[in-house]
Amino acid sequence: MSVDTGTGLPRTAETIPLRRALPGFLRDPLGGFEEIGRRANGGVVRVNLGAIRPYLVTRPEHVQHVMQDHAANYVREGWLWKPLSRLIGEPSGSDPLWWVKRETFQTVVSGPSVAAFADDMAEAIVRAVGEMAERAEGGRPVDAMDEMARIIYRAITRIFIGDKITIAQADRLGAALRAASAALRPRLALPFVPDSVPLPGDRAFRRAVQAVDGIVFPIVEEAVRRGADGDDIVSMLIRARDPDGNGFDLRQLRDGVVSLFVAGTETTTIALTFLWQVLAERPEVAERLYEEVDRVVGDGPPRGVHLPRLRYAKMAAQEMLRVFPPGWMLPRFVREDDVIGGVRIEGGGIVVVSPYLTHRLPDVWEDPGVFDPERFLPGRERHRFAYVTFGGGPHGCVGKHFFTVETQFVIAAVLSRFRVRPVGSPDPRPALGLTLRPRERLRITLHPRGR
Ligand code: HEM
């Protein structure tokens, strides 16, 4: 129980004993997690997972405390980050070169650059949608997640790696990164198991990392040899220097490329897969999208010039990420004792920020269970940390504008040509994993629009 001392001193966090209080948790982790959110009711609580007892933080002002105002005390180490670091390198930001890397990412994927390469991205997406259409010809069902992954890899590869990678290599890189992140799941689920104890998935993970290295190392080595001449991420990382003039070595270059791919692909692929499910369940939202795409793009291909007028598509994407934030929990290691919302936080513990629960707080979001893109009409006020799909503070996502543009193009490229229908009636509830993802594999059919 939480103890109010009545003395103005910080309280001890109420601990929610997972196994005893929520026997259904193992059967239905999402339902169990939502129940924890209801019991916490916006307060800072501890969840007793046995070996670890993370603090759960959901209120926007508390999220701001962790992610921004006291970010140096809440670092990306330990749970989740340690296993991930074996794929992407050091994510904590304690390395000064991280900030150089982040700035380089930002330059490549931020607003002004996106404007410069929007037409190339649109063209790549239109071509990839054409390839999906061939596979889906005659009403043949295709796997939405696989198809969205292919489209995303086509959309980003040239921009991230320029002409230093072939399409075939990009497809192999995508497959290897997906295999690596799938193989990490057991370790992420059992964070207290030391590395020395083998777990299922370890061997597959090593194989996948070898495959990633076999593609990425030769690309960066060749780029270093030839000279960094392009505007792609490899060239820009090679040219980048910290204030003391230090650059990246080959391993850091490899980590930079891989971390941008990991950050920019799985989340986006999942989000786009949710999209088709959401549109099947909300025909009224789908109809407004068709209307907008027809009005703005017509039956020609989408281009950068269309983006400012694909407004409803942007709002629908934002609302989809409110309801289904792929990063449903963002863990942080607590360096030193602190107090959040009157509750004592022990140094050495773990704080979990949960966008999924923050986006469902009834006093922050009106009717949070209702899917309503109009919440994102310009001018609607809300706390800066009420919407944390993209995190925030010094480690906030650098790719949110990039994601929005990709999604606007995918919506326009698909809906201008097809009606999309899911096969069967997939379970609309998402499932918890490393990311929040559709519970069942979603298969879709494409039906040419007779306009
Ligand atoms: C649905 C799409 C996306 C979602 C939901 C998402 C979400 C996030 C979140 C929550 C964080 C912060 C993690 C934390 O604080 O622990 C983050 C960081 C990051 N994101 Fe995204 N992201 C998306 C798309 C992208 C794209 C398309 C790119 C690249 C083009 C990208 C690049 C990054 C990078 C590089 C970071 C690390 C920033 C840092 O640590 O300084 N993301 N993203």
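Just so it is clear, the structure is predicted and the values come from calculations on it, not from any experiment.

Engineer: Could you clarify how one ought to interpret the pattern of salt bridges in this entry?
Structural biologist: Two side chains with opposite charge may pair up if their charged atoms get near one another. Within this structure, the stated rule accounts for 27 salt bridges. The salt bridge partner of Arg 127 is Glu 123, with a shortest N-O separation of 3.7 Å. Linking Arg 127 with Glu 123, this pair stays in helix α6 (residues 111-135), spanning four residues, or about one helical turn. We classify Glu 123 as partly exposed; its relative accessible area is 37%. Here Glu 131 ties to Arg 154 by a salt bridge, and the two come within 3.0 Å at their closest N and O atoms. Within this pair, whereas Glu 131 is found in helix α6, its partner Arg 154 is found in helix α7 (residues 144-161), the two being separated by 23 residues in sequence. With relative accessibility at 28%, the residue Glu 131 sits in the partly exposed group. Among the charged side chains, a salt-bridge network with shared partners connects Asp 213, Arg 251, Arg 254 and Asp 255.

Engineer: Sorry if this is basic, but what is going on with the side chain of Ser 354 here?
Structural biologist: Tracing the chain through its elements places Ser 354 in the loop between β9 (350-353) and α15 (355-358). When its relative accessible area of 0% is taken as the criterion, Ser 354 is described as buried. Among residues more than four places away in sequence, those in contact with Ser 354 are Phe 33, Leu 56, Val 57, Trp 328 and Met 329.

Engineer: It is not clear to me how the site of the ligand should be interpreted in this structure. Could you clarify?
Structural biologist: As a structural note, the neighbourhood of the ligand is formed by 30 residues, with Arg 76, Arg 102, Arg 332, His 395 and Cys 397 the closest of them. In this structure, Arg 332 approaches the ligand through a side-chain N or O atom, which is 2.6 Å from an oxygen atom. If you map the ligand onto the pockets, it falls in the largest cavity. Of all elements in the fold, only α5 (96-109), α12 (250-281), β6 (330-334) and α16 (400-415) reach the threshold of two or more residues within the shell around the ligand. Counting residues per element, the shell around the ligand draws most heavily on α12, at six residues. Its residues assigned to classes, the shell around the ligand comprises 18 nonpolar, eight polar and four charged.

Engineer: Which parts of the structure should I look at to understand a positive patch on the surface?
Structural biologist: Judged by side-chain charge, Arg 86, Arg 203, Arg 206 and Arg 207 come together as a positively charged surface patch. Here the positive patch gets three residues from one element, more than from any other, and that element is helix α10 (residues 202-226). Tracing the backbone shows Arg 207 in helix α10. Given the relative accessible area of 53%, Arg 207 is considered exposed.

Calculation notes
Residues numbered from 1 in each chain as written. Predicted model: local features only at pLDDT ≥ 70, side-chain atom pairs only at ≥ 80, totals over all residues. Heavy atoms only, no water. Salt bridge = Lys/Arg side-chain N within 4 Å of Asp/Glu carboxyl O. Helix = DSSP H or I, 4+ residues; strand = E, 2+ residues; numbered from the N terminus. Buried < 20%, exposed > 50% of the residue type's maximum accessible area, 1.4 Å probe, protein only. Contact = heavy atoms within 4.5 Å. Near = heavy atom within 4 Å. Polar contact = N/O pair within 3.5 Å; in protein donor to acceptor, adjacent residues only side chain to side chain. 1 Å grid on protein atoms, 1.4 Å probe; cavity = no way out; pocket = protein on both sides within 12 Å on 5 of 7 lines; lining within 4 Å. Sits in = over half its atoms within 2 Å of the grid points. Nonpolar A, V, L, I, M, F, W, Y, C, P; charged D, E, K, R; others polar. Patch = residues over 30% accessible without salt bridge, like charges linked within 9 Å, V, L, I, M, F, W, Y side chains within 5 Å. Areas by Shrake-Rupley, 256 points an atom, 1.4 Å probe, with all protein chains shown as cover. Lys, Arg positive; Asp, Glu negative; His and termini not counted. Charge placed at Lys NZ, Arg CZ, Asp CG, Glu CD.

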